[in-house]
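Chain and residue survey
Single-letter residue listing:
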Amino acid sequence: MPFIGDQGWFYLSARDMLLTGNIPLVGITSSHTWLHQGPLWTYMLAGALFISNFHPVSGAILTSLIGLGTILLIYRIGSEFFSKNLGLIAALLYATSPLVIIHARMPYHTSPVPFFASLLIYSLIKTIKGNSNWFPIAVLSISLLYNFELATVVFIPVVLFFLIIGYVRKEKWFIKILTKKNILLSVFALLMPMIPIVVYDFGHGFPQTLKFGAWFIYKGFQLIGIIEKPATEPFFEIVKFFMNKVSMLIFAPNHFISVGVLAAALFVPAVSAWKKKSLFSPLTVIFTFTTIGIIGFFAANAKSEAYLPMLFPGITLLVTFAIYSLFINKTYAMLVITAISAINLMFIVQNNYLIGRSPGYGPSLTMRINGVEKILKQVGVKKYNIEGKGPGSEFESFTMNYEYLLWWKGNPPSHELQNLIFVIEEKQSQINARIK
């Protein structure tokens, strides 16, 4: 499993929470350092570490279980709103996607995002179909998604869009959610996960709520051209990064085929939804969430993989729908999905889950533990420091994964300056730790 420095940040935060009793109100800083992710992943990870006596693999077991729940939700969306066969092959495609598998095995704050994105889609469709009891769950999903990854706020305008149209058209499903019970439950569902963040905001000038909301609107104005954008990474580089990751999501061995399938996954559902003239169909809801999510990714102007998990469910369902629709004989569609899944599985196993490869996810947890044990053999009982070198070492979290593992193994690095300093450098599958 991957165990990068940012993961180490959460492990240290969860450890300190258990050992000191001090509950963190926010998580790790985002790409904009004045903003933090929510603290919910720290709380969940703390539970896993408590049960496992701080074993680092426990976090991956937790996210893997959440990933299994996502597969079930994908199946429910596909089978309940389309057909049982479509639900089965959508679940198969999702469960065997290399990018999905890698993220499900990575204990990180973005790993639960696909589950709650799927739950949001499912609960909103159920609401639109007339089951108003699901609306508070949709609201809860939004609040939880914000806790795990700030970028998921792009889904809020999607929900508001359907609510506003429902209000204007006086749709029956919209009227049904306007009960006192539903409104109270929805307010509770929205605010409950936000309590730590609101408490934090009161003491720090409201960066997580009011300032973030203003910044989000500002970015929206930049997107539509009202406000000039600052210099960012070349758009071509963002597109290239996105297509590479989409390839890992859909059909890892071939970028060209993946891009073609993605194009079909956006075109076929769009045409189908247009022909049916149904704004509130399940297909339209999934298509809207996915396209707005993609637009949000490009609006962020950053080559960040953290923004992608929110797109996993929608893209998978649209790809499945497109392939299923293009074949008159549905058996052929099922065979195509099965073939894609089998090839993806072979790719991910043959390439060792992209561990220790370039581009990839760095050394595995086992490799890092081996590196830590070599340091401890040289240290003995002495006090020492660690520092990073090479790509990524400019970030404060670069050595935090090693700090956690060294603590777990019984001799953590000192936070005071020592004469003995180990310099840690990573090169794909190798970890070099030498005395400075």
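Note that this is a predicted model, so its numbers are computed, not measured.

Criteria and thresholds
Residue indices begin from 1 for each chain and proceed along its sequence in written order. Thresholds applied to this predicted model are a pLDDT of at least 70 for local features of residues and 80 or more for the giving and counting of side-chain atom pairs; totals over whole chains, interfaces and linings are not thresholded and use all residues. Side-chain metrics in this entry use all non-hydrogen atoms of the structure; hydrogen atoms and water are not considered. We count a stretch as a helix when DSSP gives it H or I for four or more residues in a row; a strand needs E for two or more, and each element gets its number in order from the N terminus. We take the radius of gyration over the C-alpha atoms and set the globule estimate at 2.2 Å times the residue count to the 0.38 power. Relative accessibility thresholds used throughout: buried, under 20% of the residue-type maximum; exposed, over 50%; partly exposed, between the two (1.4 Å probe, protein chains only). The contact criterion used throughout is that any non-hydrogen atoms of two residues lie within 4.5 Å. The accessible surface values rely on the Shrake-Rupley method and a 1.4 Å probe; as for residues, cover is taken only from the protein chains in view. In summary, the charge assignment counts Lys and Arg as positive and Asp and Glu as negative, without counting His or the chain termini. A charge is said to be at NZ when it belongs to Lys, at CZ for Arg, at CG for Asp and at CD for Glu. pLDDT gives the predictor's per-residue confidence on a scale running from 0 to 100. What makes two strands pair is DSSP finding at least two bridges between them. Here the axes come from fitting lines to C-alpha atoms, over the contacting stretch only for helices, and the angles between their N-to-C directions go from 0 to 180 degrees. The span you would expect from a helix comes to 1.5 Å times its residue count less one. Each reported salt bridge corresponds to a side-chain nitrogen of Lys or Arg within 4 Å of a carboxyl oxygen of Asp or Glu.

Once that is clear, we can look at the overall build of the protein chain. Per the secondary structure count, the protein chain includes 19 helices and three strands. For the protein chain, the C-alpha radius of gyration of 23 Å lies close to 22 Å, the compact-globule estimate for 436 residues. Once the C-alpha set of the protein chain is aligned to its principal axes, its extents read approximately 70 × 50 × 45 Å. For the protein chain, with 436 residues in total, the buried portion stands at 53%. Of the contacts made within the protein chain by residues no fewer than 6 positions apart, 71% connect residues no fewer than 24 positions apart. Here the protein chain displays about 20400 Å² of accessible surface, and carbon together with sulfur accounts for 66% of that area. For the protein chain, the separation between the mean place of its 33 positive charges and that of its 18 negative charges on side chains is 13 Å.

The next subject is the confidence of the model for the protein chain. Across the protein chain, the average pLDDT comes to 91, with 97% of residues at 70 or higher. Mean pLDDT per element in the protein chain: helix α12 (residues 207-223) is the minimum at 79, and helix α6 (residues 113-128) is the maximum at 98.

Here we come to the sheet that holds strand β3 (residues 430-435). If you trace the three strands from one edge of the open sheet to the other, you get β1-β2-β3, paired in mixed fashion. A single partner strand is all that each edge strand has here, and the edge strands are β1 (385-389) and β3. The sheet shows a mean angle of 25 degrees between the axes of neighbouring strands, taken without regard to direction. Pairing between strand β2 (residues 421-427) and β3: six bridges, direction antiparallel. Within β3, the position partnered with Ile-424 by the bridge is Ala-433.

With 19 residues, helix α15 (residues 282-300) extends 27 Å between its outermost C-alpha atoms, agreeing within 8% with the 27 Å of an ideal straight helix rising 1.5 Å per residue. Burial of α15 is extensive: 16 of the 19 residues sit out of reach of the surface. The positive-phi residue at the C-terminal boundary of α15 is Asn-301, with phi of around 55 degrees.

With that settled, consider the pattern of salt bridges. Tallied over the entire structure, the rule returns nine salt bridges. Here Glu-80 ties to Lys-126 by a salt bridge, and the two come within 2.7 Å at their closest N and O atoms. Placement of Glu-80 in helix α3 (residues 57-81) and of Lys-126 in helix α6 is noted, with a sequence separation of 46 residues between them. Here Glu-425 ties to Arg-434 by a salt bridge, and the two come within 3.7 Å at their closest N and O atoms. In the salt-bridge network here, residues are joined through shared partners; they are Arg-76, Glu-80 and Lys-126.

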